[in-house]
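Working through the structure, step by step
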Amino acid sequence: MLPEQSTVEIIFDQSLVEAHRRRALNNADPKAAFLLDIVAQELADRVSVVERQFDKAMELHGYTGATALRLLETGKVGTVERVETDAGFGTAAMPVAIAPLERVPAEPETLNLLVSPLSLHLTNDTPGAFIQARRALKPDGLFLAAIPGNGTLNELREALLAAEAELTGGASPRVIPFADVRDMGALLQRAGFALPVADAETYTVRYDSLFALIRDLRAMGMTSPLAARSRTPVSRRFFLRAAEIYAERFSDPDGRIRATFSVVYLSGWAPHESQQKPLKPGSAKQRLSEALGTKERPV
(Lines give C-alpha, C1' and ligand atoms only; values in the text may rest on other atoms or scores of the structure.)
Protein backbone atom coordinates (compact mmCIF):
# COMPACT_ATOMS: atom_id res chain seq x y z
CA MET A 1 0.00 0.00 0.00
CA LEU A 2 1.29 3.48 -0.83
CA PRO A 3 1.87 5.98 1.99
CA GLU A 4 -1.11 8.12 2.94
CA GLN A 5 -0.94 11.55 1.36
CA SER A 6 -1.04 13.18 4.81
CA THR A 7 2.30 11.56 5.69
CA VAL A 8 4.03 12.89 2.59
CA GLU A 9 5.96 16.15 2.91
CA ILE A 10 4.67 18.66 0.38
CA ILE A 11 7.76 20.10 -1.28
CA PHE A 12 6.27 20.97 -4.66
CA ASP A 13 3.06 22.87 -5.32
CA GLN A 14 1.48 20.56 -7.90
CA SER A 15 -0.90 23.25 -9.15
CA LEU A 16 2.14 25.41 -9.92
CA VAL A 17 3.96 22.48 -11.53
CA GLU A 18 0.94 22.07 -13.81
CA ALA A 19 0.79 25.81 -14.55
CA HIS A 20 4.46 25.80 -15.57
CA ARG A 21 3.94 22.75 -17.80
CA ARG A 22 0.94 24.38 -19.49
CA ARG A 23 2.88 27.60 -20.06
CA ALA A 24 5.73 25.63 -21.62
CA LEU A 25 3.21 23.78 -23.78
CA ASN A 26 1.50 26.98 -24.95
CA ASN A 27 4.79 28.75 -25.68
CA ALA A 28 6.56 25.78 -27.24
CA ASP A 29 10.20 26.58 -28.02
CA PRO A 30 11.96 23.75 -29.87
CA LYS A 31 15.39 25.19 -29.00
CA ALA A 32 14.67 24.78 -25.29
CA ALA A 33 14.02 21.05 -25.72
CA PHE A 34 17.75 20.27 -26.03
CA LEU A 35 18.02 18.56 -22.63
CA LEU A 36 14.97 16.41 -23.25
CA ASP A 37 16.35 15.46 -26.67
CA ILE A 38 19.66 14.40 -25.10
CA VAL A 39 17.85 12.32 -22.49
CA ALA A 40 15.52 10.76 -25.06
CA GLN A 41 18.47 9.54 -27.13
CA GLU A 42 20.34 8.27 -24.06
CA LEU A 43 17.35 6.28 -22.84
CA ALA A 44 16.77 4.84 -26.31
CA ASP A 45 20.45 3.86 -26.54
CA ARG A 46 20.13 1.98 -23.26
CA VAL A 47 17.09 0.11 -24.54
CA SER A 48 18.80 -0.72 -27.82
CA VAL A 49 21.58 -2.71 -26.13
CA VAL A 50 19.18 -4.92 -24.16
CA GLU A 51 18.85 -8.32 -25.82
CA ARG A 52 15.08 -8.57 -25.80
CA GLN A 53 11.89 -7.10 -27.24
CA PHE A 54 9.49 -4.93 -25.25
CA ASP A 55 6.00 -5.44 -26.61
CA LYS A 56 4.21 -2.84 -24.50
CA ALA A 57 5.89 0.32 -23.24
CA MET A 58 4.78 3.52 -21.52
CA GLU A 59 6.38 6.97 -21.52
CA LEU A 60 5.55 8.95 -18.37
CA HIS A 61 5.26 12.72 -18.81
CA GLY A 62 7.84 13.14 -21.55
CA TYR A 63 6.59 16.59 -22.62
CA THR A 64 7.42 16.47 -26.34
CA GLY A 65 7.15 12.72 -26.93
CA ALA A 66 10.76 12.64 -28.13
CA THR A 67 11.54 9.68 -25.86
CA ALA A 68 8.59 7.66 -27.19
CA LEU A 69 9.73 8.29 -30.77
CA ARG A 70 13.34 7.35 -30.03
CA LEU A 71 12.17 4.13 -28.34
CA LEU A 72 10.18 3.10 -31.40
CA GLU A 73 13.19 3.82 -33.62
CA THR A 74 15.26 1.24 -31.74
CA GLY A 75 13.18 -1.59 -33.21
CA LYS A 76 13.08 -3.13 -29.73
CA VAL A 77 9.69 -1.70 -28.73
CA GLY A 78 6.29 -2.73 -30.05
CA THR A 79 3.93 0.02 -28.87
CA VAL A 80 4.42 3.06 -26.63
CA GLU A 81 1.59 4.68 -24.71
CA ARG A 82 2.29 8.27 -23.78
CA VAL A 83 0.98 9.69 -20.48
CA GLU A 84 0.63 13.42 -19.82
CA THR A 85 -1.25 15.82 -17.57
CA ASP A 86 -2.89 17.57 -20.53
CA ALA A 87 -4.21 16.32 -23.87
CA GLY A 88 -2.44 19.21 -25.57
CA PHE A 89 0.87 17.41 -25.18
CA GLY A 90 -0.34 14.76 -27.63
CA THR A 91 -0.55 14.73 -31.42
CA ALA A 92 -2.89 13.15 -33.92
CA ALA A 93 -0.27 10.49 -34.61
CA MET A 94 0.54 9.92 -30.95
CA PRO A 95 -2.27 10.90 -28.54
CA VAL A 96 -1.79 10.80 -24.79
CA ALA A 97 -3.54 9.27 -21.80
CA ILE A 98 -4.28 11.76 -19.02
CA ALA A 99 -3.00 11.23 -15.46
CA PRO A 100 -1.56 13.34 -12.62
CA LEU A 101 2.19 13.65 -12.42
CA GLU A 102 2.41 11.36 -9.38
CA ARG A 103 0.35 8.46 -10.74
CA VAL A 104 1.31 5.57 -13.05
CA PRO A 105 -1.97 4.81 -14.90
CA ALA A 106 -1.35 1.14 -15.63
CA GLU A 107 -2.84 -2.04 -14.24
CA PRO A 108 -0.46 -4.30 -12.28
CA GLU A 109 1.93 -6.41 -14.39
CA THR A 110 0.81 -5.03 -17.77
CA LEU A 111 3.93 -3.29 -19.10
CA ASN A 112 7.22 -4.63 -20.41
CA LEU A 113 8.94 -1.24 -20.32
CA LEU A 114 8.24 1.97 -18.39
CA VAL A 115 10.27 5.10 -19.10
CA SER A 116 10.21 8.43 -17.26
CA PRO A 117 12.20 11.30 -18.82
CA LEU A 118 12.76 14.35 -16.58
CA SER A 119 9.56 14.42 -14.54
CA LEU A 120 9.91 12.33 -11.36
CA HIS A 121 11.95 15.05 -9.62
CA LEU A 122 8.72 17.06 -9.28
CA THR A 123 6.81 14.42 -7.32
CA ASN A 124 6.21 14.81 -3.60
CA ASP A 125 5.86 11.06 -3.06
CA THR A 126 8.75 9.84 -5.18
CA PRO A 127 9.06 6.49 -3.32
CA GLY A 128 5.37 5.88 -3.98
CA ALA A 129 5.83 6.66 -7.68
CA PHE A 130 8.68 4.13 -7.84
CA ILE A 131 6.50 1.49 -6.18
CA GLN A 132 3.73 2.16 -8.70
CA ALA A 133 6.25 1.80 -11.52
CA ARG A 134 7.44 -1.57 -10.25
CA ARG A 135 3.89 -2.86 -9.81
CA ALA A 136 2.93 -1.81 -13.35
CA LEU A 137 5.69 -3.96 -14.86
CA LYS A 138 5.35 -7.59 -15.81
CA PRO A 139 7.94 -9.87 -14.17
CA ASP A 140 11.30 -9.11 -15.80
CA GLY A 141 9.96 -5.78 -17.09
CA LEU A 142 12.33 -2.82 -17.24
CA PHE A 143 12.02 0.61 -15.62
CA LEU A 144 14.18 3.46 -16.95
CA ALA A 145 14.20 7.02 -15.66
CA ALA A 146 16.16 10.20 -16.15
CA ILE A 147 16.02 12.60 -13.20
CA PRO A 148 17.84 15.93 -12.74
CA GLY A 149 20.32 15.30 -9.97
CA ASN A 150 22.49 17.02 -7.40
CA GLY A 151 24.63 19.71 -9.04
CA THR A 152 21.94 20.83 -11.47
CA LEU A 153 21.75 24.64 -11.69
CA ASN A 154 24.19 25.08 -8.80
CA GLU A 155 25.53 28.24 -10.42
CA LEU A 156 22.04 29.78 -10.59
CA ARG A 157 21.30 28.75 -7.01
CA GLU A 158 24.48 30.39 -5.75
CA ALA A 159 23.95 33.61 -7.70
CA LEU A 160 20.34 34.02 -6.55
CA LEU A 161 21.18 33.32 -2.90
CA ALA A 162 24.13 35.73 -2.95
CA ALA A 163 22.09 38.51 -4.55
CA GLU A 164 19.21 38.14 -2.11
CA ALA A 165 21.49 38.01 0.92
CA GLU A 166 23.28 41.14 -0.26
CA LEU A 167 20.13 43.14 -0.99
CA THR A 168 17.81 41.99 1.80
CA GLY A 169 20.03 40.37 4.42
CA GLY A 170 18.16 37.06 4.05
CA ALA A 171 17.58 34.32 1.52
CA SER A 172 14.75 32.03 0.43
CA PRO A 173 14.87 28.89 -1.74
CA ARG A 174 14.49 29.74 -5.43
CA VAL A 175 15.97 26.62 -7.07
CA ILE A 176 14.43 23.25 -6.26
CA PRO A 177 16.46 20.59 -4.41
CA PHE A 178 17.87 17.77 -6.53
CA ALA A 179 18.59 14.27 -5.27
CA ASP A 180 21.97 12.56 -5.07
CA VAL A 181 22.63 9.59 -7.37
CA ARG A 182 23.07 7.28 -4.36
CA ASP A 183 19.69 8.33 -2.95
CA MET A 184 18.02 7.54 -6.26
CA GLY A 185 19.67 4.13 -6.39
CA ALA A 186 18.46 3.45 -2.86
CA LEU A 187 14.90 4.32 -3.92
CA LEU A 188 15.06 1.64 -6.63
CA GLN A 189 15.98 -0.94 -4.00
CA ARG A 190 13.34 0.31 -1.59
CA ALA A 191 10.67 -0.02 -4.29
CA GLY A 192 11.61 -3.67 -4.85
CA PHE A 193 13.45 -3.46 -8.16
CA ALA A 194 15.98 -6.14 -9.00
CA LEU A 195 19.43 -5.39 -10.45
CA PRO A 196 19.19 -1.63 -9.73
CA VAL A 197 21.67 0.67 -11.46
CA ALA A 198 22.13 4.42 -11.01
CA ASP A 199 24.68 6.59 -12.79
CA ALA A 200 24.96 10.28 -13.62
CA GLU A 201 25.97 12.36 -16.61
CA THR A 202 26.79 16.08 -16.42
CA TYR A 203 26.02 18.48 -19.25
CA THR A 204 27.34 22.04 -19.33
CA VAL A 205 25.39 24.58 -21.37
CA ARG A 206 26.56 28.11 -22.12
CA TYR A 207 24.37 31.21 -22.27
CA ASP A 208 24.82 34.88 -23.04
CA SER A 209 23.42 35.84 -19.64
CA LEU A 210 21.34 34.71 -16.67
CA PHE A 211 18.27 36.09 -18.45
CA ALA A 212 18.78 33.76 -21.43
CA LEU A 213 19.08 30.82 -19.02
CA ILE A 214 15.86 31.79 -17.25
CA ARG A 215 14.06 32.03 -20.61
CA ASP A 216 15.10 28.46 -21.38
CA LEU A 217 14.02 27.24 -17.93
CA ARG A 218 10.59 28.82 -18.45
CA ALA A 219 10.33 27.18 -21.87
CA MET A 220 11.23 23.84 -20.27
CA GLY A 221 8.62 24.28 -17.50
CA MET A 222 11.52 24.11 -15.01
CA THR A 223 11.02 27.30 -13.02
CA SER A 224 10.60 26.74 -9.29
CA PRO A 225 7.30 25.27 -8.02
CA LEU A 226 8.45 25.07 -4.38
CA ALA A 227 5.60 25.12 -1.90
CA ALA A 228 7.85 27.07 0.52
CA ARG A 229 8.80 29.70 -2.05
CA SER A 230 8.74 33.36 -1.10
CA ARG A 231 5.55 35.17 -2.14
CA THR A 232 7.26 38.57 -2.01
CA PRO A 233 7.56 40.12 -5.51
CA VAL A 234 11.13 40.15 -6.81
CA SER A 235 12.51 43.45 -8.10
CA ARG A 236 14.38 43.99 -11.35
CA ARG A 237 17.31 45.16 -9.24
CA PHE A 238 17.50 41.69 -7.68
CA PHE A 239 17.81 39.96 -11.04
CA LEU A 240 20.29 42.50 -12.36
CA ARG A 241 22.52 41.94 -9.32
CA ALA A 242 22.12 38.15 -9.62
CA ALA A 243 23.16 38.38 -13.28
CA GLU A 244 26.27 40.35 -12.27
CA ILE A 245 27.22 37.80 -9.61
CA TYR A 246 26.61 34.92 -12.04
CA ALA A 247 28.87 36.54 -14.65
CA GLU A 248 31.57 37.30 -12.07
CA ARG A 249 31.72 33.72 -10.77
CA PHE A 250 30.71 31.47 -13.64
CA SER A 251 31.67 33.05 -16.97
CA ASP A 252 34.19 31.94 -19.59
CA PRO A 253 36.81 34.25 -21.14
CA ASP A 254 34.38 35.14 -23.94
CA GLY A 255 31.86 36.45 -21.39
CA ARG A 256 29.31 33.66 -21.71
CA ILE A 257 28.08 31.96 -18.54
CA ARG A 258 27.97 28.23 -17.73
CA ALA A 259 24.93 26.30 -16.50
CA THR A 260 25.26 22.74 -15.21
CA PHE A 261 22.64 20.05 -15.70
CA SER A 262 23.35 16.74 -13.97
CA VAL A 263 21.07 13.89 -15.03
CA VAL A 264 20.77 10.69 -12.99
CA TYR A 265 19.92 7.67 -15.14
CA LEU A 266 18.16 4.82 -13.35
CA SER A 267 17.35 1.28 -14.39
CA GLY A 268 15.69 -1.53 -12.49
CA TRP A 269 13.88 -4.75 -13.31
CA ALA A 270 10.68 -6.18 -11.93
CA PRO A 271 11.80 -9.34 -10.11
CA HIS A 272 11.76 -12.65 -12.00
CA GLU A 273 13.14 -16.08 -11.15
CA SER A 274 15.37 -16.09 -14.25
CA GLN A 275 17.40 -13.09 -13.06
CA GLN A 276 20.90 -13.42 -11.70
CA LYS A 277 20.97 -13.66 -7.91
CA PRO A 278 23.80 -12.50 -5.64
CA LEU A 279 25.72 -15.28 -3.93
CA LYS A 280 25.05 -15.94 -0.27
CA PRO A 281 27.88 -14.88 2.10
CA GLY A 282 30.39 -17.71 2.55
CA SER A 283 29.26 -19.64 -0.56
CA ALA A 284 32.27 -18.76 -2.74
CA LYS A 285 34.25 -21.75 -4.07
CA GLN A 286 37.50 -19.81 -4.55
CA ARG A 287 39.36 -17.20 -2.54
CA LEU A 288 39.62 -13.73 -4.05
CA SER A 289 43.42 -13.89 -3.83
CA GLU A 290 43.40 -17.07 -5.96
CA ALA A 291 41.15 -15.50 -8.56
CA LEU A 292 43.43 -12.46 -8.80
CA GLY A 293 46.62 -14.50 -8.71
CA THR A 294 47.93 -12.74 -5.60
CA LYS A 295 49.10 -13.88 -2.19
CA GLU A 296 47.19 -13.15 0.97
CA ARG A 297 49.05 -11.13 3.57
CA PRO A 298 48.73 -12.12 7.21
CA VAL A 299 46.79 -9.64 9.31
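- For the protein chain, an unreviewed UniProt entry supplies the name SAM-dependent methyltransferase and the organism Ensifer adhaerens.

**Description of the overall build of the protein chain**
- A tally of helices and strands in the protein chain yields nine helices and seven strands.
- Viewed in the frame of its principal axes, the protein chain has a C-alpha envelope of about 70 × 65 × 45 Å.
- Split into buried and exposed, the 299 residues of the protein chain put 48% on the buried side.
- At a minimum sequence separation of 6, the contacts of the protein chain that also span at least 24 residues come to 78%.
- Approximately 15,700 Å² of the protein chain is accessible, and the part contributed by carbon and sulfur atoms is 53%.
- Taken as two groups, the 35 positive and 37 negative side-chain charges of the protein chain have centres that lie 2 Å from each other.

**Here's the deal with the packing of aromatic side chains**
- Inspection of the entire model under this criterion finds six aromatic pairs.
- Directly above the aromatic system of Phe89 lies the positively charged group of Arg21, at a separation of 4.8 Å from the ring centroid.
- Across the ring face of Phe238, the terminal group of Arg174 is positioned such that the distance to the ring centre comes to 5.2 Å.

**Focus: the packing of helix H4 (residues 126–136) against helix H6 (residues 181–190)**
- Look at H4 against H6: their axes get within 9 Å of each other, and the N-to-C directions meet at 50°. Here H4 is positioned oblique relative to H6, judged by the angle of their axes. You can see that H4 and H6 cross each other, and the crossing is right-handed. Facing Thr126, Pro127 and Phe130 of H4, the residues of H6 in contact are Met184, Leu187, Leu188 and Arg190.

**Remarks on helix H2 (residues 34–48)**
- In a regular helix each residue adds 1.5 Å, so 15 residues correspond to 21 Å; H2 covers 21 Å between its end C-alpha atoms and thus fits that length.
- When H2 is considered as a whole, its buried residues turn out to be Phe34, Leu35, Leu36, Val39, Ala40, Leu43, Ala44 and Val47.

**What about the pattern of salt bridges?**
- Tallied over the full model, the rule gives 19 salt bridges.
- Linking Arg22 and Glu18 is a salt bridge whose minimum nitrogen-to-oxygen distance equals 3.2 Å. Taken as a pair, Arg22 and Glu18 lie in helix H1 (residues 14–26) at a separation of four residues, close to a single helical turn.
- Judged by its relative accessible area of 39%, Arg22 falls in the partly exposed class.
- Taking the relative accessible area as the measure of exposure, Glu18 reaches 18% and is therefore buried.

**Some details on the nonpolar core**
- Leu113, Leu156, Leu213, Tyr246 and Phe261 are the most contacted members of the largest nonpolar core, which has 60 residues in total.
- Per element, the largest residue contribution to this core is seven residues, and it comes from helix H7 (residues 210–220).
- Apart from residues no more than four positions distant in its own chain, Tyr246 is found in contact with Glu155, Leu156, Ala159, Leu210, Leu213, Ser251, Ile257, Arg258 and Ala259.
- With 25 residues, the next largest nonpolar core counts Leu120, Ala129, Val264 and Leu266 among its residues.

**Describing the pairing of strand E4 (residues 111–117)**
- Where burial is concerned, most of E4 is hidden: seven out of the seven residues are buried.
- Relative to E4, strand E1 (residues 54–60) runs parallel, the two being bridged by three bridges. Bridge pairing in E4 places Met58 opposite Leu114.
- Of the pairings in the sheet, the one linking E4 to strand E5 (residues 137–148) comprises six bridges and is parallel in character. Across the sheet, Pro117 pairs through a bridge with Ala146, a residue of E5.
- Note on the crossover from E4 through H4 to E5: the handedness is right-handed.

Cut-offs applied
Position numbers for residues start from 1 in each chain and track the written sequence from start to end. Owing to the predicted nature of the model, reporting of local features is limited to residues with pLDDT of at least 70; listing and counting of side-chain atom pairs is limited to 80 or more, with chain, interface and lining totals taken over all residues. Side-chain descriptors were evaluated using all non-hydrogen atoms of the structure, hydrogens and water having been removed beforehand. For helices the rule is a DSSP run of H or I covering at least 4 residues; for strands it is a run of E covering at least 2, with both sets numbered from the N terminus onward. Exposure categories follow from relative accessible area, calculated using a 1.4 Å probe and restricted to protein chains: below 20% of the type maximum is buried, above 50% is exposed, and the middle band is partly exposed. By definition, residues are in contact when any of their heavy atoms lie within 4.5 Å. Accessible surface is estimated by sampling points in the Shrake-Rupley manner with a 1.4 Å probe; for residues, cover comes only from the protein chains shown. In summary, the charge assignment counts Lys and Arg as positive and Asp and Glu as negative, without counting His or the chain termini. Here the site of a charge means NZ on Lys, CZ on Arg, CG on Asp, or CD on Glu. Each Phe, Tyr or Trp ring, with Trp reduced to its six-membered ring, pairs with another whose centre is within 6.5 Å; inter-plane angles below 30 degrees give stacked pairs, above 60 give edge-to-face pairs, and intermediate values give tilted ones. Whether a charge lies above a ring is judged from NZ of Lys or CZ of Arg, which has to be within 6 Å of the ring centre and within 35 degrees of the ring normal. Angular values range over 0 to 180 degrees, each being the angle between N-to-C directions of two axes fitted as lines to C-alpha atoms, with helices fitted over their stretch in contact. Working definition: roughly parallel below 35 degrees, roughly antiparallel above 145 degrees, roughly perpendicular at 65 to 115 degrees, and oblique for all remaining angles. Take the far helix as the reference: if the near one is turned anticlockwise from it by less than a right angle, the crossing is left-handed, and if turned clockwise, right-handed. For a helix, the expected span equals 1.5 Å multiplied by the residue count minus one. In the sections that follow, a salt bridge refers to a side-chain nitrogen of Lys or Arg positioned within 4 Å of a carboxyl oxygen of Asp or Glu. Only buried residues count toward a nonpolar core. Its members are Ala, Val, Leu, Ile, Met, Phe, Trp, Tyr and Cys residues joined through side-chain atoms within 4.5 Å. Pairing between two strands requires that DSSP report at least two bridges joining them. A crossover counts as right-handed when, viewed with the strands pointing away from the observer, the path leading from the first strand over the helix to the second turns clockwise.

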